[in-house]
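The primary structure of each chain is shown beneath.
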Amino acid sequence: NDAEVIHRLRVGFKKLRAHIRLAASVHGADKKLQVPEGLKNIYHAAGEVRNLQLYRQVILPFSKDTDSYPTIVTGEIDHASAQLTRTIKDFKFHKARREILHRLPSKLPGKVLDRFVEDKTNTINELLRKDMPDEDMHSIRKALKDISYNLKALKADEVKYLPIANRKSLLELTALMDTLNEYQDHVVHLSLL
């Protein structure tokens, strides 16, 4: 039930997913190179716990001591945590690691990161518009994370790839990502409410 550990688990998954997407974009990459289904299940189960934990933090200031609703949400967190524990116990981490490493390309060609960022940027630019649905905002958020995680992991000059999502500086890009993260949290909280 440690919110920070759950958050780090999910960030680690997103980084792995971003790196696998980059490696899979290499011409001739193994078509079976993908995040293992069991790891996706862990990510989703951890997401349920995290969403409920954040939601509980949001509703507590509006609750009275006599309200039972926060207790109900705590019970849902406990249930989701138990499900996460079972999902983790069922997953064979060493086997998945070996499988991923076996399918990775031996190296990333010189321009693969450039093409990857360009493709993700094009996807973002196609989705950016007024009155876009929540799903498109979420897709933009994922594409931005794919770019960000890979640029950082490969120690690339991030400024070289700007503008991204019509943002001309890293400060503007970070502000956009923060806004999208906050927006996604509100979407989840409203759905739980």
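Coordinates for the structure precede this section.
Residues numbered from 1 in each chain as written. Predicted model: local features only at pLDDT ≥ 70, side-chain atom pairs only at ≥ 80, totals over all residues. Heavy atoms only, no water.

Right, let's talk about the layout of surface pockets for a bit. The calculated volume of the largest pocket comes to roughly 540 Å³. If you trace the largest pocket, you find 22 residues lining it, with Arg 10, Lys 14, Tyr 43, His 138 and Arg 141 closest to the centre. Secondary-structure elements contributing two or more residues to the lining of the largest pocket are helix 1 (3-24), helix 2 (37-59), helix 6 (134-153) and helix 7 (170-192). Residues that form the lining of the largest pocket fall into these classes: 6 nonpolar, 7 polar and 9 charged. Approximately 200 Å³ is the volume found for the second largest pocket. As for the second largest pocket, its lining consists of Leu 144, Ile 147, Ser 148, Leu 151, Lys 152, Glu 158, Leu 170, Leu 173, Thr 174, Met 177, Asp 178 and Asn 181. Among the secondary structure elements, those contributing two or more residues to the lining of the second largest pocket are helix 6 and helix 7. No other element matches the 6 residues that helix 7 contributes to the lining of the second largest pocket. (1 Å grid on protein atoms, 1.4 Å probe; cavity = no way out; pocket = protein on both sides within 12 Å on 5 of 7 lines; lining within 4 Å. Points joined across faces, edges and corners; volume = space filled by probe spheres on them. Helix = DSSP H or I, 4+ residues; strand = E, 2+ residues; numbered from the N terminus. Nonpolar A, V, L, I, M, F, W, Y, C, P; charged D, E, K, R; others polar.)

In terms of nonpolar packing, the biggest core is built from 24 residues, with Val 117, Ile 124, Ile 140, Leu 144, Ile 164 and Ala 165 touching the most fellow members. Among the elements of the structure, helix 5 (112-127), helix 6 and helix 7 are those that each provide at least two residues to this core. In contact with Leu 144, not counting residues within four places along its chain, are Ile 124, Ile 164, Ala 165, Leu 173, Leu 176, Met 177 and Leu 180. Ile 6, Leu 39, Val 73 and Ile 77 belong to the second-largest nonpolar core, a separate cluster that totals 22 residues. (Core = buried A, V, L, I, M, F, W, Y, C linked by side-chain atoms within 4.5 Å. Buried < 20%, exposed > 50% of the residue type's maximum accessible area, 1.4 Å probe, protein only. Contact = heavy atoms within 4.5 Å.)

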